[in-house]
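Reading the structure
Listed here are the chains, written in short residue letters.
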Amino acid sequence: MKRIVAIALAVVFGLTGLVAAEALAADAGAGRMALPKSSTSGGMPLMEALAARSANRNFADAALSEQTLSNLLWATWGINRPDGRRTAPTAMNKQAVQVYAALENGVWLYDAAGNSLVLALEGDTRAAFGGAPLTLLYAVPADDPFGGMHAGALYQNAGLFCASEGLANVVKRTGADALDGKLPLPKGYKVVIIQSIGYPR
């Protein structure tokens with residue numbers, strides 16, 4: 001009987017598009033949210049995803065499920081090889097990029113190795129980026145001549161994932177400095193671009 005109830009609840013949560021922030025709230029108090037294992041197979045064929053890729057800033061209020069959030073972050077900047085190399089290239093494999101996720105319950109640093117999010121800033125800051133359910137912030141060393149190129153590789157990955165999953169997304173420079181002096185970044189780092197993501201309205 002308990003098994004039946006558990007399955008029923010899982011189905012209900014899946015159908016309602018359980019908000020990532022709510023689904024992971026139990027761990028949030030400790031300042032770290034574990035993500036479900038990312039799915040690294042399936043999705044739309046590459047050429048179809050390229051054909052479907054576009055900017056769309058009209059977002060529904062529904063937030064991403066925790067599984068979709070995990071898959072998105074892996075596609076954007078996850079580890080895809082045993083030696084720790086990533087889904088996006090960086091010059092000389094320096095990997096000098098930080099990805100932050102602005103959610104309802106704070107701004108979180110993506111920890112690819114730990115498949116988790118680490119709390120960087122408390123509070124709901126999404127209005128500063130236009131109010132989308134999720135905004136990714138790409139931070140690189142301010143003096144890195146390759147920093148913009150690295151951020152571009154990441155947001156293109158995210159954009160193709162969004163095309164494959166039927167998600168709306170838009171890359172913006174406006175709002176990239178909204179958390180200057182508030183978001184604790186590694187020394188010398190700066191948010192150079194942001195990407196708002198959600199289900200299309």
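The residue numbers shown here count from 1 along each chain, following its written sequence. Only residues with pLDDT of at least 70 are given local features in this predicted model, and only at 80 or more are side-chain atom pairs given and counted; all residues enter the totals for whole chains, interfaces and linings. Heavy atoms throughout the structure, all of them, feed into the side-chain values; hydrogens and water do not.

Taking 1.5 Å as the rise per residue, helix α5 (residues 66–77) with 12 residues should run 16 Å; its terminal C-alpha atoms sit 16 Å apart, in good agreement. Most of α5 sits out of view: 9 of its 12 residues are buried. Secondary structure elements are taken from DSSP: a helix is a run of H or I of four residues or more, a strand is a run of E of two residues or more, and numbering for both begins at the N terminus. A helix is expected to reach a length of 1.5 Å times the quantity of its residues less one. In this scheme, a residue with accessible area under 20% of its type's maximum is buried, one over 50% is exposed, and one in between is partly exposed, where area comes from a 1.4 Å probe on protein chains only.

Phi is positive for M92, close to 55°, though the residue is something other than glycine. Mapped onto the secondary structure, M92 falls in the loop between α5 and β2 (98–103). For N93, which is not a glycine, the phi torsion comes out positive at approximately 55°. Mapping N93 onto the fold places it in the loop between α5 and β2. You can call N93 partly exposed: its relative accessible area is 30%.

Further remarks concern helix α6 (residues 147–165). Counted at 1.5 Å a residue, the expected span for α6 with its 19 residues is 27 Å, and the 27 Å between its end C-alpha atoms agrees. G166 sits one or two residues past α6 and shows a positive phi near 75°.

A strand pair is defined by DSSP finding two or more bridges across the two strands. Ordered in space as β1-β4-β3-β2-β5-β7-β6, the 7 strands form an open sheet in which the pairing is antiparallel. Each edge of the open sheet is held by one strand with a lone partner, namely β1 (32–34) and β6 (168–172). For this sheet, the mean inter-axis angle between neighbouring strands, taken without regard to orientation, is 30°. Across 5 bridges, β2 lies against strand β5 (residues 134–141) in antiparallel orientation. When the bridges of β5 are listed, A102 appears paired with T135. Where helices are involved, their axes are fitted lines through C-alpha atoms of the stretch in contact, as for all axes, and angles between N-to-C directions lie from 0 to 180°.

Take a side-chain nitrogen of Lys or Arg and a carboxyl oxygen of Asp or Glu: if they are within 4 Å of each other, that pair is a salt bridge. All told, the structure shown has 4 salt bridges when counted by the stated rule. Between R32 and D111 there is a salt bridge, and its shortest N-O distance comes to 3.0 Å. Of this pair, R32 sits in strand β1 while D111 sits in strand β3 (residues 106–111), and the two are 79 residues apart along the sequence. Accessibility expressed as a relative area gives 39% for R32, which makes it partly exposed. You can call D111 partly exposed: its relative accessible area is 22%. Between R85 and D83 there is a salt bridge, with its nearest N and O atoms 3.0 Å apart.

Don't take any of this as a statement about function, it's just geometry.
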